[in-house]
Amino acid sequence: MTPEKLPIEHYDDQLAEKTARLTALMSPFNAPEVEVFRSPISHYRMRAEFRVWHDEGDLYHIMFDQQTKARIRVDQFPAASELINRLMPVLLAAIKAEPALRHKLFQIDYLSTRSGKIIASLLYHRKLDDLWQQAATALRDGLRRDGFDVQLIGRAAKTKIMLDQDYVDEVLPVAGREMTYRQVENSFTQPNAAVNIKMLEWALDATAGSQGDLLELYCGNGNFSLALARNFNRVLATEIAKPSVAAAQFNIAANQIDNVQIIRMAAEDFTQAMNGVREFRRLQGIDLGSYQCETIFVDPPRSGLDDDTVKLVQGYPRILYISCNPDTLCANLQTLQQTHRISRLALFDQFPYTHHMECGVLLERISA
């Protein structure tokens, strides 16, 4: 696959191969049939990062071939959103014409939304000065006159210059409701918005008719917490990254949700608090004992759940587990299958044309 051409004619075959691979991985755990959620075949990535190549008077985006490390010029990138593709040539043409913007520029990061907003972050191997800020302001204003709802950010060593703000607000239709999500530059967001909507709707369906409260670890900007809040009395969620917690708090207010509580803690620390190993000042004023959590939701990093957190989640009747790495999910399931069975299994094709798989399982406690 080249950056400028997607093998769309092979999409169905690749998705079938992933489905077969996930089915085989899950067969030792007596998993049900895989529910498969497709991606759009192009323009599915809401984020993209490119190095910038200076070639005498020319300037263009490049990527590197992962196998050969060869440099590949990228003028269009059909995996990325149509908005990113529209901005790419316009932005580069303007930068190329302005020495204060092009000097020692080495990378451009794009973050776009379905709601028409976009951030372009310009990364430099030099100090950014007032001349840069003046030129960047003129660039931003010109792009806005051209119809782009754009934020520009300059980054250099230990420096971040925002002309306005470092976030965009996304709006996603989730099971009949418009959900607002603040997305912060350089923080994690789900890259494939269309598939993210399907993930949220699957999680809602999997937890329909739930009793009691929901506990969520690794909540990020509240992507799942806020969507799932309608299925539970209350939601208690943890996240360690400060920008994500701030975005989650904004999202709670923006969506007028009154039953979600976000705690800034690592999942491992929260596990210690729940087990009574340590007390944490961040939990003062929160009555953990008042929560009647029948369901726990986890969306861990690629490394999966650590052993202590696996033991923690085993204490809940229902476990909803979203995984970006089926291998570490399977490692966790070796323990979880001792107390729970898989009642739902889903494949979310977040990353078409790659070997990466995102999947979800609903586990229910085995009756004694």
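This structure is a prediction, so every number in the text was calculated from the model and none was measured.

K.L.:
Where do I start with the overall build of the protein chain in this structure?
P.N.:
Regarding its fold elements, the protein chain presents ten helices and 17 strands. The C-alpha atoms of the protein chain give a radius of gyration of 22 Å, which matches the 21 Å a tight globule of 368 residues would have. Expressed as a percentage of its 368 residues, the buried residues of the protein chain come to 53%. In the protein chain, 66% of the contacts between residues at least 6 apart in sequence involve partners at least 24 apart. The averaged location of the 46 negative side-chain charges in the protein chain is 4 Å from the averaged location of its 40 positive side-chain charges.

K.L.:
Would you take a moment to explain the pattern of salt bridges for this structure?
P.N.:
Any two side chains of opposite charge can pair, so long as their charged atoms come close to each other. Under the defined criterion, the tally for this structure stands at 17 salt bridges. One salt bridge in this structure joins Arg 234 and Asp 213, with 3.7 Å as the shortest N-O distance. Within this pair, whereas Arg 234 is found in the loop between helix H6 (223-228) and strand S12 (235-239), its partner Asp 213 is found in strand S11 (residues 213-217), the two being separated by 21 residues in sequence. Ionic contacts of the salt-bridge type, sharing partners, join the residues Asp 58, Arg 73, Asp 75 and Lys 96 into one network.

K.L.:
How should the sheet that holds strand S16 (residues 340-348) be read in this particular structure?
P.N.:
Sheet strands pair via backbone hydrogen bonds, and the direction of the pair is either parallel or antiparallel. With respect to topology, eight strands assemble into an open sheet ordered S1-S16-S17-S15-S14-S11-S12-S13, the strand pairing being mixed. Strands at the two margins of the open sheet, each flanked by one partner only, are strand S1 (35-37) and strand S13 (260-264). Each adjacent strand pair in this sheet contributes to an overall mean axis angle of 15 degrees, direction not counted. In the sheet, S11 pairs with strand S14 (residues 293-298) via five bridges, with the strands oriented parallel. In the sheet register, Asp 213 faces S14, and the bridge partner there is Cys 293. Sitting on the sheet, helix H1 (residues 11-26) touches S1, S16 and strand S17 (358-365), and the angle it makes with S16 is about 165 degrees. Across the face of the sheet, helix H10 (residues 326-336) comes into contact with strand S15 (318-323), S16 and S17 while running at roughly 160 degrees to S15.

K.L.:
Can you help me understand the nonpolar core in this one?
P.N.:
One broad trend across soluble globular proteins is that nonpolar side chains are buried collectively. Among the nonpolar cores identified, the biggest contains 81 residues, and Leu 91 and Tyr 110 are the most heavily contacted of them. No other element matches the seven residues that helix H2 (residues 82-96) contributes to this core. Of the residues that make up this core, three or more belong to each of domain 1 (8-41 + 190-365) and domain 2 (47-168). Once residues lying within four places of it in the same chain are set aside, the contact partners of Tyr 110 are Met 46, Arg 47, Ala 48, Phe 50, His 61, Ile 84, Leu 87, Met 88, Leu 91, Ile 118, Ile 119 and Ala 120. In this structure, Ile 197, Trp 202, Ala 248 and Phe 348 belong to the second largest nonpolar core, which totals 36 residues.

K.L.:
Would you take a moment to explain unusual backbone geometry for this structure?
P.N.:
Across residues other than glycine, the phi torsion is negative in most instances, and most of the peptide bonds are trans. One non-glycine residue with positive phi stands out, namely Glu 56, at about 55 degrees. Residue placement: Glu 56 occurs in the loop between strand S2 (47-55) and strand S3 (58-64). Look at Glu 56 and you get exposed, because its relative accessible area is 78%. Despite not being glycine, Gln 256 shows a phi value in the positive range, around 50 degrees. As for its position among the elements, Gln 256 is in the loop between helix H7 (242-254) and S13. Judged by relative accessible area, Gln 256 falls into the exposed class, the value being 75%.

K.L.:
Would you take a moment to explain the UniProt feature "binding site: S-adenosyl-L-methionine" (unreviewed entry) in the protein chain for this structure?
P.N.:
Cross-referencing UniProt, the feature "binding site: S-adenosyl-L-methionine" (unreviewed entry) maps to Gln 190, Tyr 218, Asn 223, Glu 239 and Asp 299 in the present numbering. Note that Gln 190 resides in the loop between strand S10 (177-184) and helix H5 (193-206). The exposure class of Gln 190 is buried, given its relative accessible area of 12%. Other than its neighbours up to four places away in sequence, Gln 190 contacts Arg 47, Asn 196, Met 199, Asn 223, Phe 224, Asp 299, Gln 350 and Glu 358. As for its position among the elements, Asn 223 is in helix H6. Once residues within four sequence positions are removed from consideration, Asn 223 is found in contact with Tyr 181, Gln 190, Asn 196 and Leu 200.

K.L.:
Please clarify how the packing of aromatic side chains should be interpreted in this entry.
P.N.:
Two descriptors summarise a pair of aromatic rings, namely the distance from one centre to the other and the angle between the planes of the rings. What the rule picks out here adds up to eight aromatic pairs. Through a chain of ring-to-ring contacts, the aromatic side chains of Tyr 11, Tyr 44 and Tyr 353 assemble into a single cluster. The aromatic ring of Tyr 60 is capped on one face by Arg 73, whose charged end is 4.1 Å from the ring centroid. Lying across the ring of Tyr 167, Arg 182 places its NZ or CZ 3.7 Å from the centre.

K.L.:
What exactly am I supposed to notice about the environment of Gln 151 here?
P.N.:
Positionally, Gln 151 belongs in strand S7 (residues 149-156). On a C-alpha basis, the gap between Gln 151 and Asp 164 in space is 6.8 Å, while along the polypeptide they are 13 residues apart. The contact partners of Gln 151, leaving out residues within four places of it in the chain, are Ile 118, Ile 119, Ala 120, Arg 144, Asp 164, Gln 165 and Tyr 167.

K.L.:
I'm lost on the domain arrangement of the protein chain in this one. Help?
P.N.:
By a widespread convention, an interface's size corresponds to the accessible area lost as its parts come together. Examined at the domain level, the protein chain breaks down into domain 1 (8-41 + 190-365) and domain 2 (47-168). Relative to domain 2, the C-alpha centre of domain 1 lies at a distance of 33 Å.

K.L.:
What am I meant to see in the pairing of S14 here?
P.N.:
When a strand is regular, its side chains alternate between the sheet's two faces. Within S14, five of the six residues are buried, leaving the element largely enclosed by the surrounding structure. Here four bridges tie S14 to S15, and the two strands are oriented parallel to one another. Directly across from Val 298, in S15, lies its bridge partner Tyr 321. Chirality of the crossover, the property in question, places the unit of S14, helix H9 (residues 307-313) and S15 among those that are right-handed.

Reading the values: the criteria
Residues numbered from 1 in each chain as written. Predicted model: local features only at pLDDT ≥ 70, side-chain atom pairs only at ≥ 80, totals over all residues. Heavy atoms only, no water. Helix = DSSP H or I, 4+ residues; strand = E, 2+ residues; numbered from the N terminus. Rg over C-alpha atoms; globule rule 2.2 N^0.38 Å. Buried < 20%, exposed > 50% of the residue type's maximum accessible area, 1.4 Å probe, protein only. Contact = heavy atoms within 4.5 Å. Lys, Arg positive; Asp, Glu negative; His and termini not counted. Charge placed at Lys NZ, Arg CZ, Asp CG, Glu CD. Salt bridge = Lys/Arg side-chain N within 4 Å of Asp/Glu carboxyl O. Pairing = 2+ DSSP bridges. Axes fitted to C-alpha atoms, helices over the stretch in contact; angles between N-to-C directions. Core = buried A, V, L, I, M, F, W, Y, C linked by side-chain atoms within 4.5 Å. Domains from an automatic or database assignment. UniProt positions renumbered as here; feature names shortened; annotations may be inferred. Phe/Tyr/Trp six-rings, centres within 6.5 Å; stacked < 30°, edge-to-face > 60°. Lys NZ or Arg CZ within 6 Å of the ring centre and 35° of its normal. Right-handed = clockwise from strand over helix to strand, strands pointing away.

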